[in-house]
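# Coordinates in review
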Amino acid sequence: MAPEYAGDGVFSIKSDVYSFGVLVLEIVCGEKNRGFNHKEHSNSLIGHAWEFYNEGRSMQLVAKCLGESVNVFQVLRLIHVGLLCVQRYPEDRPTMTSVILMLGSESPLPSPKEPGFYVENSILDITQSSSSYAASSKNEISITMLNGR
């Protein structure tokens, strides 16, 4: 779900582009965005792909089941286009017509900007910051009983 729709209820053609980008990254990685967990950080699949892209490790995103049978140029291009589609601001995302042209050509692609729902942090940062809140706990439930007069 596109950030502008989730946050403000605004839906546009670019919301579909965002969803397409998520789908592309899910197919390449062989993982679902929802419920994605990684041992090194708490990012979603989109954030994980963004970090690997910035570190020049995009090929490490490719699902193991694809093995050696992939065309490296095409997979890197697909990841790049997927990241262009999930950019935070709708005006930065390409149109679907542009996406099709990008996937079908070998022309240079613009650099993607930070994706929506990306929060840069690591598990170490989370555990260190949560240790300073000794009074807080996770999954604590409070029940309120209503009594009539």
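It should be noted that the structure appears before, not after, this text.
A brief look at the structure comes next. In this text the structure is predicted, and so the values were computed from the model without any measurement. (Residues numbered from 1 in each chain as written. Predicted model: local features only at pLDDT ≥ 70, side-chain atom pairs only at ≥ 80, totals over all residues. Heavy atoms only, no water.)

### Section: the packing of aromatic side chains
The description of an aromatic ring pair rests on the distance of the ring centres and on the angle between the ring planes. Evaluated as defined, the whole model comprises one aromatic pair. Its end group placed over the ring of Phe 52, Arg 57 keeps NZ or CZ at 3.9 Å from the ring centre. (Phe/Tyr/Trp six-rings, centres within 6.5 Å; stacked < 30°, edge-to-face > 60°. Lys NZ or Arg CZ within 6 Å of the ring centre and 35° of its normal.)

### Here's the deal with the packing of helix 2 (residues 13-29) against helix 3 (residues 45-54)
Look at helix 2 against helix 3: their axes get within 10 Å of each other, and the N-to-C directions meet at 70°. As far as their axial angle goes, helix 3 and helix 2 are roughly perpendicular. Residues Tyr 18, Val 22, Leu 25, Glu 26 and Cys 29 of helix 2 form the contact with helix 3, whose participating residues are Leu 45, Ile 46 and Ala 49. The class makeup of the residues in the contact of helix 2 with helix 3 is seven nonpolar, no polar and one charged. (Axes fitted to C-alpha atoms, helices over the stretch in contact; angles between N-to-C directions. Helix = DSSP H or I, 4+ residues; strand = E, 2+ residues; numbered from the N terminus. Parallel < 35°, antiparallel > 145°, perpendicular 65-115°, else oblique. Contact = heavy atoms within 4.5 Å. Nonpolar A, V, L, I, M, F, W, Y, C, P; charged D, E, K, R; others polar.)

### Thoughts on the pattern of salt bridges
For the coordinates displayed, the defined rule picks out three salt bridges. Of the charged contacts in the structure, one is a salt bridge between Lys 113 and Asp 92, with a shortest N-O distance of 3.3 Å. Here the residue Lys 113 occupies a position in the loop between helix 5 (96-103) and helix 6 (123-130), and Asp 92 occupies one in the loop between helix 4 (72-85) and helix 5, the gap between them amounting to 21 residues. Look at Asp 92 and you get partly exposed, because its relative accessible area is 26%. (Salt bridge = Lys/Arg side-chain N within 4 Å of Asp/Glu carboxyl O. Buried < 20%, exposed > 50% of the residue type's maximum accessible area, 1.4 Å probe, protein only.)

Shape descriptors only; they carry no functional weight alone.
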